[in-house]
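The lines below spell out each chain.
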Amino acid sequence: KYSEMSLEELNSEKEQLTAQYKKWQSKGLKLDMSRGKPSVEQLDLSMPLFDILDGKSLMKCMNGVETRNYGQLEGIVEAQHLFAEIMDCQPEQVIVGGNSSLNMMFDAVSRGYMFGFDGCTPWCKLDRVKWLCPVPGYDRHFAITQHFGFEMINIPMNEDGPDMDVVEGLVAADDTIKGMWCVPKYSNPQGIVYSDEVVRRIANLKPAAKDFRVFWDNAYAVHHLYKEKSKILNILHECEEADNPNLVFEFASTSKITFAGGGIAAIACNHKNREEIKKTLTVQTIGFDKINMLRHARYFADVESVSKHMEKHAKILRPKFELVIKTLERDLAEAGCGSWISPKGGYFITFDAPKGTATRIVDLAAEAGVKLTPAGAPFPYHMDPNDSVIRFAPSLPPIEELEQAAEVFTVCARIAYLEKLIH
Ligand code: PLP
């Protein structure tokens, strides 16, 4: 363990690693571990979608709606069924939208901001609006709430979800807190799955603000890496049970099932919220792209087809995740350098570096040709109070590149830790 070494031992270890680092540097690498995008191989899995509809296909959906024409604001019935399966909710709770769930989240925040929820004052008319942000979290969630000028409050994450003692205390005491981001399954970036207890405590929240909403981003609902599939409770059902039916907006998309940015997205909620959404949506659009909905719904016609398709993704992703984890274990465990969780699904691995070293690690890696997500990115305002969290995205690079990138990374992590211990 580095923390138990003498100064002399630390210096000699550092010298040896610096030599390794220089060797890597001389190779002129250009590797990128920063983007949580599917690889080309994964995108190829969904090419049959293009053959589902041809010039001779029946373009009407099961209730007779013509997909080539205007109408059907909530999306075609088949697509509602598909998302009901993915989100484990009822088809009539679903509104299928365009190509991006993030866009639907932005729109949902906008409605609260411009028109207000449940007859409450629109948030734009309030002096202060606050938002709960479990950290580390998804940078684009935080970008939305920052863009609206909301004050973001960090909520610590435990192994089974956000620290609910903190959340319960805050929402009950402060009616300027209007919302909370959640990625309940295989969270971005830690891969954490919310426990039943956490889901129930969220459903049972007693917020001081009547217009408080939980934004339940179930982006990785079916994105398992292993046969053993993590399950979470159905939040909409739990909210009904808790007599809190208006509390939640749930989101999902097929961005990491079929094509990132070329799939379909959805929001699910109770009847009252849904009617409120439709009041604005019906002014915003005459209807979304029903042809892409039909393509997706026909391709994923039964329950089994989604899970078979996701197994093919897992087969490509699993070796990449395992390679990174194995390299971290091999190079960093004995040195006592940082910690990490092996995710069972999702798109990311989080490395918790020794306090105060994350920025230095990312810089060192960049100088050796390995691009990582900037330190601080998974925090509101890009401020990691401990400067310790680094998010890896192993999906995009080919495995040979990933192998080199992971090795460079562990060299940088050890050098940064040694620098900290020596000074
Ligand atoms: N939500 C989470 C948690 C994500 O990680 C991502 C993409 O990385 C998205 C949403 C984006 O989804 P979409 O492509 O449907 O906008």
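As the structure is a prediction and not an experimental result, all values here were calculated from the model.

Student: Describe in detail the domain arrangement of the protein, supporting the description with residues and values.
Tutor: Here the domain parsing of the protein yields domain 1 (2-32 + 307-422) and domain 2 (57-301). Summarising the inter-unit geometry, the C-alpha centres of domain 1 and domain 2 are found 32 Å apart. Of the residues lining the interface, 22 residues belong to domain 1; the matching set on domain 2 comes to 24 residues. Each residue belonging to the side of domain 1 that touches domain 2 can be placed in one class, and the counts come to 14 nonpolar, five polar and three charged.

Student: For the site of the ligand, give the residues involved together with the corresponding values.
Tutor: Not every one of the 14 residues close to the ligand is listed here, only the nearest: Ser-100, Ser-101, Leu-102, Ser-253 and Ser-255. Classifying every residue of the shell around the ligand gives six nonpolar, seven polar and one charged.

Student: For the sheet that holds strand 10 (residues 339-340), give the residues involved together with the corresponding values.
Tutor: The three strands are arranged 10-11-13 in an open sheet whose pairing can be described as antiparallel. Among the strands making up the open sheet, the edge pair consists of strand 10 and strand 13 (389-392). By the bridge criterion, four bridges tie strand 11 (residues 349-352) to strand 13 in an arrangement that is antiparallel. Looking at the pairing, Ile-349 lines up with Phe-392 of strand 13. In this fold helix 12 (residues 303-332) packs onto strand 10, strand 11 and strand 13, with an angle of close to 15° to the strand it touches most, strand 11.

Student: Run through the packing of helix 4 (residues 77-87) against helix 11 (residues 290-299), naming residues and quoting values.
Tutor: Closest axis-to-axis distance for the helix 4/helix 11 pair is 8 Å, and the angle between their directions is 55°. By the angle between their axes, helix 4 is oblique relative to helix 11. In terms of crossing hand, the pair formed by helix 4 and helix 11 is left-handed. Contact residues: helix 4 offers Glu-78, Ala-79 and Leu-82, while helix 11 offers Met-293, Leu-294, His-296 and Ala-297.

Criteria and thresholds
- Residues numbered from 1 in each chain as written.
- Predicted model: local features only at pLDDT ≥ 70, side-chain atom pairs only at ≥ 80, totals over all residues.
- Domains from an automatic or database assignment.
- Contact = placed C-beta atoms within 7 Å.
- Nonpolar A, V, L, I, M, F, W, Y, C, P; charged D, E, K, R; others polar.
- Near = placed C-beta within 6 Å.
- Pairing = 2+ DSSP bridges.
- Helix = DSSP H or I, 4+ residues; strand = E, 2+ residues; numbered from the N terminus.
- Axes fitted to C-alpha atoms, helices over the stretch in contact; angles between N-to-C directions.
- Parallel < 35°, antiparallel > 145°, perpendicular 65-115°, else oblique.
- Left-handed = near helix turned anticlockwise from the far one by under 90°.

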